[in-house]
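Letter by letter, the chains look like this.
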Amino acid sequence: MIRRAVAQKLLDDVSSTAVLEVFAQAGAAWAILELSREVAERAEGSLTAEPVRTLEALHLASALLLRQALPDLRILSTDDRVRPNGIGLGFEVFPA
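Peer 1: Please clarify how the environment of glutamate 50 should be interpreted in this entry.
Peer 2: Structurally, the position occupied by glutamate 50 is in the loop between helix 3 (37-44) and helix 4 (54-67). Along the sequence, glutamate 50 and arginine 37 sit 13 residues apart, while their C-alpha atoms lie 22 Å from each other. At 2.9 Å, the side chain of glutamate 50 and the backbone nitrogen of leucine 47 are in polar contact. Within the local environment of glutamate 50, its side chain forms a polar contact with the backbone nitrogen of valine 52, the two atoms lying 3.4 Å apart.

Okay, here's the thing in structure tokens:
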């Protein structure tokens, strides 16, 4: 996403470096959820708003699995395919 913004001249090299540093710092505290059979099988199922690309379906299926442990889990996305599906799956989606 950051590299694409640079390629499209939406972000300069200096700004992109700063943004990547912020992501690296934040990412150091993130947990990685492995792709499980359960997630893959759920991603194969239908969602509220189709069409959904494979990666989006995997993200949504992962969120559903993670919500079992974190009931207050919210989705942060500006993607026009993820947002309606997140809402349809009962998630609070940001930005509102």
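Peer 1: What exactly am I supposed to notice about the packing of helix 3 against helix 4 here?
Peer 2: Pairs of packed helices are described in terms of their axes, by the angle between the two and the distance that separates them. One way to put it is that helix 3 packs onto helix 4 with a least axis distance of 8 Å and a crossing angle of 125°. Relative to helix 4, the element helix 3 is oriented oblique. Handedness of the helix 3/helix 4 crossing: right-handed. Along its contact with helix 3, which presents Glu38, Val39, Ala40, Arg42 and Ala43, the element helix 4 presents Ala57, Leu58, Ala61, Ser62, Leu64 and Leu65. When grouped by side-chain class, the residues that make up the contact of helix 3 with helix 4 number 8 nonpolar, 1 polar and 2 charged.

Peer 1: I keep staring at the nonpolar core and nothing clicks. Help me out?
Peer 2: Nonpolar side chains in soluble globular proteins generally cluster together in the buried interior. The biggest cluster of nonpolar side chains holds 14 residues, and the ones touching the most others in it are Leu47, Ala57, Leu60, Ile75, Leu89 and Phe91. Within the residue set of this core, elements represented by two or more residues are helix 3 and helix 4. It is helix 4 that contributes the most residues to this core, 5 residues altogether. The residues contacting leucine 89, other than those within four sequence positions of it, are Arg42, Leu47, Thr48, Leu60, Leu64 and Arg67.

Peer 1: Honestly, the side chain of arginine 83 in this entry has me stumped. Any pointers?
Peer 2: Relative to the elements of secondary structure, arginine 83 occurs in helix 5 (residues 82-88). Buried charge arginine 83 goes without a salt bridge, the closest partner of opposite sign being aspartate 80 at 5.7 Å. In this structure arginine 83 touches Ser77, Thr78, Val93, Phe94, Pro95 and Ala96, once residues within four positions along its chain are discounted.

Cut-off values and rules
Residues numbered from 1 in each chain as written. Predicted model: local features only at pLDDT ≥ 70, side-chain atom pairs only at ≥ 80, totals over all residues. Heavy atoms only, no water. Helix = DSSP H or I, 4+ residues; strand = E, 2+ residues; numbered from the N terminus. Polar contact = N/O pair within 3.5 Å; in protein donor to acceptor, adjacent residues only side chain to side chain. Axes fitted to C-alpha atoms, helices over the stretch in contact; angles between N-to-C directions. Parallel < 35°, antiparallel > 145°, perpendicular 65-115°, else oblique. Left-handed = near helix turned anticlockwise from the far one by under 90°. Contact = heavy atoms within 4.5 Å. Nonpolar A, V, L, I, M, F, W, Y, C, P; charged D, E, K, R; others polar. Core = buried A, V, L, I, M, F, W, Y, C linked by side-chain atoms within 4.5 Å. Buried < 20%, exposed > 50% of the residue type's maximum accessible area, 1.4 Å probe, protein only. Lys, Arg positive; Asp, Glu negative; His and termini not counted. Salt bridge = Lys/Arg side-chain N within 4 Å of Asp/Glu carboxyl O.

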